[in-house]
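# An overview of the molecular structure
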Amino acid sequence: MTNFSQQIQRLEGWLKGHPWAWIPTAFLAKGICLVSLTIISVLAFHRMGMDNTDVCLHVASLYLPWLFRSSVSPLVLRFMSLRRWIVLCELCMALSLFGVAMGVSVNGKHVGVILWLLFLSCVGVVHDVAVDTYFRMNAPQPIRRSFGGISSVFFRLALLIGQGVLLIIVGNMETFTRDVAGAWRFLFRAMAVFFLLLSVLNLLLLPKPMAVMSGGAA
């Protein structure tokens, strides 16, 4: 029993500090958030009956927080650890997507959806800054070199999932259920659950500074 407990503790220690345990999840979250704002939101607005002019206007407004990304970085570093920022942002992403799901409608009332997506965009900026800074400050140089390409792979994998798998799912649900709003509610709720689980996973797996290198904010 003692040997088994020791093996579990070793496994937990390996998972907590190993790059494969936290780099893929952090960059998956970045990619899914981005594709939610750039691709999924566009199609959702169209399916809710919004005309092209309004779609372009509202999607453009979702990009506004990203114009201030460089100004966000000092604030993120000043007020809380990067590790906490990442987990908190993923919780807020889950909250915002639950809010979007509740606001989905085909009767022309889109204010709630737009506001929740704008909140998601603001949170996404903070999360993007926190993940990039965390990776840069807390991963040793050999890990940054070897995992730089891997992090990009998982980021692009998230974009592929968002542009492909998720849209195929919602499209099939629309076809089989003939309930457009219901299909999109299901999609956004599923994405919210994904971010909720991801926040718990990163809370457990994101290493503190001493676990990856001495010094640096985390």
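Higher on the page you've got the structure.
Read on for a plain summary of the structure.

How each quantity is defined
- Residues numbered from 1 in each chain as written.
- Predicted model: local features only at pLDDT ≥ 70, side-chain atom pairs only at ≥ 80, totals over all residues.
- Heavy atoms only, no water.
- Phe/Tyr/Trp six-rings, centres within 6.5 Å; stacked < 30°, edge-to-face > 60°.
- Helix = DSSP H or I, 4+ residues; strand = E, 2+ residues; numbered from the N terminus.
- Buried < 20%, exposed > 50% of the residue type's maximum accessible area, 1.4 Å probe, protein only.
- Patch = residues over 30% accessible without salt bridge, like charges linked within 9 Å, V, L, I, M, F, W, Y side chains within 5 Å.
- Areas by Shrake-Rupley, 256 points an atom, 1.4 Å probe, with all protein chains shown as cover.
- Salt bridge = Lys/Arg side-chain N within 4 Å of Asp/Glu carboxyl O.

With the rule as written, the count across this model stands at three aromatic pairs. A ring pair is formed by Trp184 and Phe188, whose centres lie 6.1 Å apart and whose planes are at 35°; its orientation type is tilted. Pair noted here: Trp184 and Phe188 are both in helix 8 (residues 180-205), with a separation of four residues, about one helical turn. Since its relative accessible area comes to 3%, Trp184 is described here as buried. Given the relative accessible area of 2%, Phe188 is considered buried.

Here the focus is a nonpolar patch on the surface. Together, Leu88, Leu91, Phe98, Val193, Leu196 and Leu197 make up a nonpolar patch on the protein surface, roughly 480 Å² of accessible area in all. Those elements that place two or more of their residues in the nonpolar patch are helix 5 (82-103) and helix 8. Turning to its location among the elements, Leu88 is positioned in helix 5.

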